[in-house]
Amino acid sequence: MSTTTITRGPARETERAPAPDLARGFMLLLIAVANTPFYLWGREHAASGTAHPVDGSTFDRIAQALIITTVDLRVYPMFAFLFGYGMVQLYRRQVAAGTPERAGRRLLQRRNRWLLVFGLLHAALLWMGDVLGAYGLAGLLLVALFFRRSDRTLLVWAGVLTGVLMAMAALSVVGGYAMAQLPPDSEVTAMMDFGSDDAGVAEPNYLASILPRLAFWVLLVVGQGLLMLAVPIMILLAFVAGRRQILEHPGEYLRLLRGLAAGGIAVGWLGGLPHALAHIGVWDVPDQAMWAFMAVQLATGMFGGLGYVALFGLIGHRIAARRTAGDAGSAARPAGAVAAVGKRSLSCYLAQSVLCAPVLSAWGLGLGADLGSATMALYAIGVWLVIAVLAAWFERSRRRGPAEVLLRRLVYRGAAGAARS
């Protein structure tokens, strides 16, 4: 058999496990909550580089504290894990159907390259914080270097990179403490101001806003996809979890999932709490030391994202058990809507930008200048609810998401062309 032959198409409905789709659907709610603060343009931001304004009402402060503690830098590691897990699912189905292993890996790489293209267009047209490019780049590198490696090798490398990330966080804390002792008006402290960049959101001219978005996106692709380490670590762990089908068969790993859910979420939330308290002024931290919180957020957010994945593995197990017992219950309806979003995660992710960027950016209706942190959080939740209703309608109509259809045509048509050649 040719090493380029693809013997089957995308996953069929009966092959889908509930846990990954539930996790993806809930993840998109958290992504909307995490992304929309960047549309609060024209405000003064903290020196830590967070998107949250330094001012606001009591309700705004509460919203900022909750988002910093539970959402910021906790969602994209979760996204990375599900992305890596999905690659293993795709590859395993292909190989089980008779596709040669080399052809299966090439299929993954074609998909990763197209994600880079999708991300580029997404950033150019709407949203500078696109993550598709970062995951596409990380996927290209990690599939090439690690996909054929043993579980032990993957776990060793994930452990080494985790150690590096934790060391970076520890050094940042030490550096932040040292910076806090310096006068706030010194030249050194002035260099540590990492105030958030509007990156085209505050630009009233749409054409002029494209270049800042693309410039920010390029840095994000390399930084988030590789240099900040959380994405490679989570993808390596997902490779191992996907091989063992932990989310497809969560009942066999309940002890592991419970430990990860409890421990990961606890570390994630406790790690974000100091930053939240400093941001809202409960803890008095000098501006020149605020940057130190970002590395801590990165390190602890990785554990938080893993905890969220484990939690939805447990929820998926419970739902699957009820279906087997013939007792779907009323809870199945909202869970079904969340899963419908997860099944169309690419389309729903892009739809968020369609509903946010033209409404909130200065080049559109410009409402981001008028909303506060609390009302922006409500807007994000409203956007997700609208998308969930549409996804549920698509589910009842047995329709795939349009972005998924396009991506699959591009990927599998390219695979068919390679086989013919």
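Per an unreviewed UniProt entry, the recorded name for the chain is DUF418 domain-containing protein, and the organism is Georgenia deserti.

## Here's the deal with helix H9 (residues 230-243)
Helical geometry: 3.6 residues make up each α-helical turn, so side chains three or four residues apart lie on a common side. Spanning 14 residues, H9 covers 20 Å between terminal C-alpha atoms, matching the ideal 20 Å at 1.5 Å per step. Counting buried residues in H9 gives twelve out of 14 residues, a clear majority hidden from the surface. Of all the positions in H9, only Ala230, Val231, Pro232, Ile233, Met234, Ile235, Leu236, Ala238, Phe239, Val240, Ala241 and Gly242 are classed as buried. In the stretch just after H9, Gln245 is the one whose phi turns positive, near 55°.

## Examining the pattern of salt bridges
Counting across every chain of the model gives six salt bridges. The closest approach of N and O atoms between Asp21 and Arg24, which form a salt bridge, is 3.4 Å. Within this pair, Asp21 and its partner Arg24 are both found in helix H1 (residues 18-35), separated by three residues, close to a single helical turn. A salt bridge links Glu248 to Arg92; the shortest N-O distance between them is 2.7 Å. Here the residue Glu248 occupies a position in the loop between H9 and helix H10 (254-279), and Arg92 occupies one in helix H3 (residues 75-96), the gap between them amounting to 156 residues. Residue classification places Glu248 among the buried positions, given a relative accessible area of 18%. Take Arg92: its relative accessible area is 24%, and that puts it in the partly exposed class. Taken together, the shared-partner salt bridges in this structure form one network comprising Asp151, Arg243 and Arg244.

## Focus on the UniProt feature "transmembrane region" (unreviewed entry) in the chain
Residues given the UniProt feature "transmembrane region" (unreviewed entry) here are residues 22-41, 114-147, 154-179, 214-241, 253-271, 291-315, 346-365 and 371-394. A distance of 34 Å separates the end C-alpha atoms of residues 214-241, which is 93% helix and 0% strand.

## A word on the packing of aromatic side chains
Under the counting rule described, the total for this entry stands at 13 aromatic pairs. The structure contains a cluster of three or more aromatic residues connected by ring pairs, namely Phe79, Phe83, Tyr135 and Tyr349.

## Observations regarding a nonpolar patch on the surface
A grouping of Val156, Val160, Val164 and Met168 is seen on the molecular surface, where their side chains present a nonpolar patch of about 310 Å² in accessible area. Structurally, Val164 can be placed in helix H6 (residues 151-180). Val164 gets classed as partly exposed once you look at its relative accessible area, which sits at 38%.

## So, helix H8 (residues 206-227)
The terminal C-alpha atoms of H8, which comprises 22 residues, lie 30 Å apart, in line with the 32 Å expected from a rise of 1.5 Å per residue. Its axis deflected by about 25° at Leu220, H8 carries its strongest bend there. Of the residues making up H8, those classed as buried are Ser209, Arg213, Trp217, Leu220, Val221, Gly223, Gln224 and Gly225. Buried residues belonging to H8 abut H3, helix H4 (101-125), helix H5 (132-146) and H9. Looking at where H8 begins, the residue whose side-chain oxygen comes 3.0 Å from the main-chain nitrogen of Leu207 is Asn205. Of the residues trailing H8, Leu229 is marked for its positive phi of about 75°.

## Regarding unusual backbone geometry
In the Ramachandran plot, Leu229 falls in the positive-phi region, its phi being about 75° despite a non-glycine side chain. Here Leu229 falls in the buried class, since its relative accessible area comes to 12%. Positive phi outside glycine occurs at Arg398, with the angle close to 55°. If you trace the backbone, Arg398 turns up in the loop between helix H14 (373-396) and helix H15 (402-420).

## With respect to the packing of H1 against helix H13 (residues 345-360)
Closest axis-to-axis distance for the H1/H13 pair is 10 Å, and the angle between their directions is 15°. One element, H1, and the other, H13, form an angle in the roughly parallel class. The two elements H1 and H13 meet at a crossing, and its hand is right-handed. Together, Arg24, Leu28, Leu29, Ile31 and Ala32 of H1 and Ser345, Cys348, Tyr349 and Gln352 of H13 make up the contact between the two elements.

## Quick notes on the side chain of Thr36
Secondary-structure assignment places Thr36 in the loop between H1 and helix H2 (58-70). Judged by its relative accessible area of 2%, Thr36 is buried. A polar atom in the side chain of Thr36 sits 2.8 Å from the backbone oxygen of Ala32. Discounting chain neighbours no more than four positions away, the residues touching Thr36 are Cys356, Met376 and Ala380.

## Some points on the nonpolar core
Across soluble globular proteins, nonpolar side chains have a tendency to be buried as a group. Ranked by size, the top nonpolar core spans 104 residues in total, and within it Phe81, Ile235 and Phe239 carry the most contacts. With 13 residues, H3 is the single largest residue contributor to this core. With residues near it in sequence (within four places) discarded, Phe239 still touches Gly84, Met87, Val88, Leu142, Val143, Phe147 and Leu154. In this structure, Val285, Ala289, Met290 and Phe293 belong to the second largest nonpolar core, which totals five residues.

## Digging into the environment of Asn205
Relative to the elements of secondary structure, Asn205 occurs in the loop between helix H7 (187-190) and H8. The class for Asn205 is partly exposed, based on a relative accessible area of 39%. Along the primary structure Asn205 and Ala362 are separated by 157 residues, whereas in three dimensions their C-alpha atoms are 7.9 Å apart.

Quick notes on the rules
Residues numbered from 1 in each chain as written. Predicted model: local features only at pLDDT ≥ 70, side-chain atom pairs only at ≥ 80, totals over all residues. Heavy atoms only, no water. Helix = DSSP H or I, 4+ residues; strand = E, 2+ residues; numbered from the N terminus. Expected span 1.5 Å × (residues − 1). Buried < 20%, exposed > 50% of the residue type's maximum accessible area, 1.4 Å probe, protein only. Salt bridge = Lys/Arg side-chain N within 4 Å of Asp/Glu carboxyl O. UniProt positions renumbered as here; feature names shortened; annotations may be inferred. Phe/Tyr/Trp six-rings, centres within 6.5 Å; stacked < 30°, edge-to-face > 60°. Patch = residues over 30% accessible without salt bridge, like charges linked within 9 Å, V, L, I, M, F, W, Y side chains within 5 Å. Areas by Shrake-Rupley, 256 points an atom, 1.4 Å probe, with all protein chains shown as cover. Bend = angle between axes of the 7 residues up to and from the residue. Contact = heavy atoms within 4.5 Å. Polar contact = N/O pair within 3.5 Å; in protein donor to acceptor, adjacent residues only side chain to side chain. Axes fitted to C-alpha atoms, helices over the stretch in contact; angles between N-to-C directions. Parallel < 35°, antiparallel > 145°, perpendicular 65-115°, else oblique. Left-handed = near helix turned anticlockwise from the far one by under 90°. Core = buried A, V, L, I, M, F, W, Y, C linked by side-chain atoms within 4.5 Å.

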